[in-house]
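One-letter residues, chain by chain:
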Amino acid sequence: MSHNEQHHRTLEHPTEQASTSPPGILITRVRGYNLFNTIFFGGRRRRLDTALATESAAAPGSHVLDIGCGPGRFAGALADRVGLAGLVVGLDPSGPMVDYASAHAGRRSNCHFRQGAAQSLALPDSSFDVVTATFVMHHIPEGQREAALAQIFRVLRPGGRLMLADMDPLDRVRAGAVRILGKIATHRHETATEDGSAADPFAATDVRNYADTLRRIGFEAVEFRAVKPSTGCLVAVRPG
């Protein structure tokens, strides 16, 4: 077995880490989630996935971790970009999403899916060239988001790139529409505020909010840009 094949096997079947913390908001209704995306992006989600794959800077041969992979469409776009010499691992805390993504992976031998949470990655240090988290951070409990970003820093190789993407903070019309997702496709964990009132899980979709945290963790070259349709993108690099 070649060194590259051994590395692929390690990433595909890593040792699990136990975690007693709720993963956040789980999207378990796959059909509802797919319908929402079709409506929300006006049928342009495939175009967005292509644009975000470009922003990620994944290249032929890259090893990519896609956190919060959902039904696996974006992971598929990444897999097409990295080619057979590369590898994409899609990670999601929702069992139904992982099952759906695995069943619809087609013939992509370079794309694999597994269940897990960003804040407790059971993956080796410095094992990925690129980590992506699209429309994910607001699903993680607020008190665990910095831990998730620190885990991402750990699994990135020196010189590796992180891409966070979420709803464009300047698109206020769609900001209201996205809350519908909480009613048609989510199962909530730990979404109450300190005073016991219901928390708004979609109040933290502005990825610019994470820029200072990324710098504090050790990331460099932190930059925000808008990506059509209706998406804000924050990229950063682990020094190396």
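The following paragraphs examine the structure supplied in this document. Quick caveat: nothing in here was measured; it's all calculated off a predicted structure.

With that settled, consider the nonpolar core. With 31 residues, the main nonpolar core has Leu-65, Ile-67, Val-131, Leu-162, Leu-164, Leu-214 and Phe-219 as its most contacted residues. Those elements giving two or more residues to this core turn out to be strand S2 (63–67), strand S3 (87–92), strand S5 (128–134), helix H6 (145–155), strand S6 (156–167), helix H9 (211–217) and strand S9 (231–237). If one sorts the elements of this core by residue count, H6 sits on top with five residues. With near-sequence residues (within four places) excluded, Leu-214 lies in contact with Leu-149, Leu-162, Leu-164, Phe-219, Val-222, Leu-234 and Ala-236. Counting 24 residues, the second largest nonpolar core, distinct from the first, contains Val-64, Val-88, Ala-101 and Val-235.

Further remarks concern unusual backbone geometry. Residue Pro-229 is reached from Lys-228 by a cis peptide bond, and omega for that bond is 0 degrees. Here the phi dihedral of Phe-135 falls at roughly 55 degrees; this positive angle occurs in a residue that is not glycine. As for its placement among the helices and strands, Phe-135 is situated in the loop between S5 and H6. Accessibility expressed as a relative area gives 14% for Phe-135, which makes it buried. In this model, Ser-230 sits at a positive phi of 55 degrees, which is unusual for a non-glycine residue. Looking at where Ser-230 falls in the secondary structure, it is placed in the loop between strand S8 (220–227) and S9. Of the residues examined, Ser-230 reaches a relative accessible area of 13% and is grouped as buried.

Parameters at a glance
Residues numbered from 1 in each chain as written. Predicted model: local features only at pLDDT ≥ 70, side-chain atom pairs only at ≥ 80, totals over all residues. Heavy atoms only, no water. Core = buried A, V, L, I, M, F, W, Y, C linked by side-chain atoms within 4.5 Å. Buried < 20%, exposed > 50% of the residue type's maximum accessible area, 1.4 Å probe, protein only. Helix = DSSP H or I, 4+ residues; strand = E, 2+ residues; numbered from the N terminus. Contact = heavy atoms within 4.5 Å.

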